[in-house]
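Fold and contact review
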Amino acid sequence: LFVCANASNPHKGFKYFEQLASEFESDSNIQFICLSLEQYSNHFHSNITFLNPLKDIGLLAKIYSECDVSLVLSKKETFSMPTAESLCCGTKVAGFECGGAESIASGENAIFVEHGNIDLLKKAINQILSENYDKQKVSAFSREIYLSDNMINKFLEIYNLNDNSKAFSIEI
């Protein structure tokens with residue numbers, strides 16, 4: 001699954017998505033899904049399905065949870081919501097090192113490789129596909145990390161650690 005607001009943005013890595021689809025095209029068990037705000041027709045590889053923009057968060061969560069691997073192909077990311085969303089839905093992530101994604105995902109639930117290295121990314125995808133992992137465990141672990149209260153507390157901890165002169169707290 002490749003989730004991207006604007007797949008035509010060259011920094012989001014759609015060219016790598018196409019390249020991966022091409023590399024896996026002979027394996028009929030592997031299908032690629034692109035979910036983007038942009039409209040597409042299926043004129044690429046036979047193993048790519050484009051989904052129209054979703055307004056239903058429940059349906060988006062269902063798509064995340066039914067996929068085996070989510071892909072992060074960006075050149076640069078900050079927090080990487082698709083990484084957090086995927087993990088919270090129980091789906092592991094494979095992708096390129098891009099800043100934010102690898103800094104928020106745990107080692108056992110995500111694999112990140114050097115940006116642009118398709119061979120290493122293919123190995124990462126195959127590794128995740130070969131695992132018989134418990135999606136409910138991945139989801140529960142990730143939800144605990146990304147729960148808004150926990151994230152706020154972590155932010156405050158970092159803020160107060162870096163600026164002892166201005167201790168800050170809020171009531172949650």
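Before reading further, recall that the structure is shown in the block above.
This one's a predicted model, so the numbers in the text were calculated from it and none came from an experiment.

**Brief notes about the state of the cysteines**
Under the counting rule described, the total for this entry stands at zero disulfides. Cysteine Cys-88 is unpaired, with the sulfur of Cys-89 as its nearest cysteine sulfur at 6.9 Å.

**Brief notes about helix α2 (residues 57–66)**
Working note: α-helix, 3.6 residues per turn, so residues spaced by three or four point in the same direction. Residues of α2 that are buried include every one of Leu-60, Ile-63 and Tyr-64, and no others. Taken down its axis, α2 places every buried residue within 100° of arc, on the same side. Buried residues along α2 sit in contact with β1 (2–4), β2 (32–36), β3 (48–51), β4 (69–72), α3 (81–88) and α6 (135–146). Here α2 starts with a cap whose side-chain oxygen sits 2.9 Å from the backbone nitrogen of Gly-58, and that cap is Asp-56.

**Regarding the environment of Arg-143**
Turning to its location among the elements, Arg-143 is positioned in helix α6. A distance of 3.0 Å separates the side chain of Arg-143 from the backbone oxygen of Cys-88, its partner in a polar contact.

**Digging into the nonpolar core**
The nonpolar side chains of soluble globular proteins are, as a tendency, buried together. Formed by 39 residues in total, the largest nonpolar core has its most connected members in Phe-17, Leu-20, Phe-32, Leu-71, Leu-73, Ala-94 and Leu-121. Other than its neighbours up to four places away in sequence, Leu-20 contacts Phe-32, Leu-71, Leu-73, Ile-118, Leu-121, Lys-122 and Ile-125. Leu-35, Tyr-64, Cys-67 and Cys-89 belong to the second largest nonpolar core, which has seven residues in total.

What counts as what
- Residues numbered from 1 in each chain as written.
- Predicted model: local features only at pLDDT ≥ 70, side-chain atom pairs only at ≥ 80, totals over all residues.
- Heavy atoms only, no water.
- Disulfide = S-S within 2.5 Å.
- Buried < 20%, exposed > 50% of the residue type's maximum accessible area, 1.4 Å probe, protein only.
- Helix = DSSP H or I, 4+ residues; strand = E, 2+ residues; numbered from the N terminus.
- Arc of directions from axis to C-beta.
- Contact = heavy atoms within 4.5 Å.
- Polar contact = N/O pair within 3.5 Å; in protein donor to acceptor, adjacent residues only side chain to side chain.
- Core = buried A, V, L, I, M, F, W, Y, C linked by side-chain atoms within 4.5 Å.

Such coordinate-based values are descriptive only and should not be taken to indicate function.
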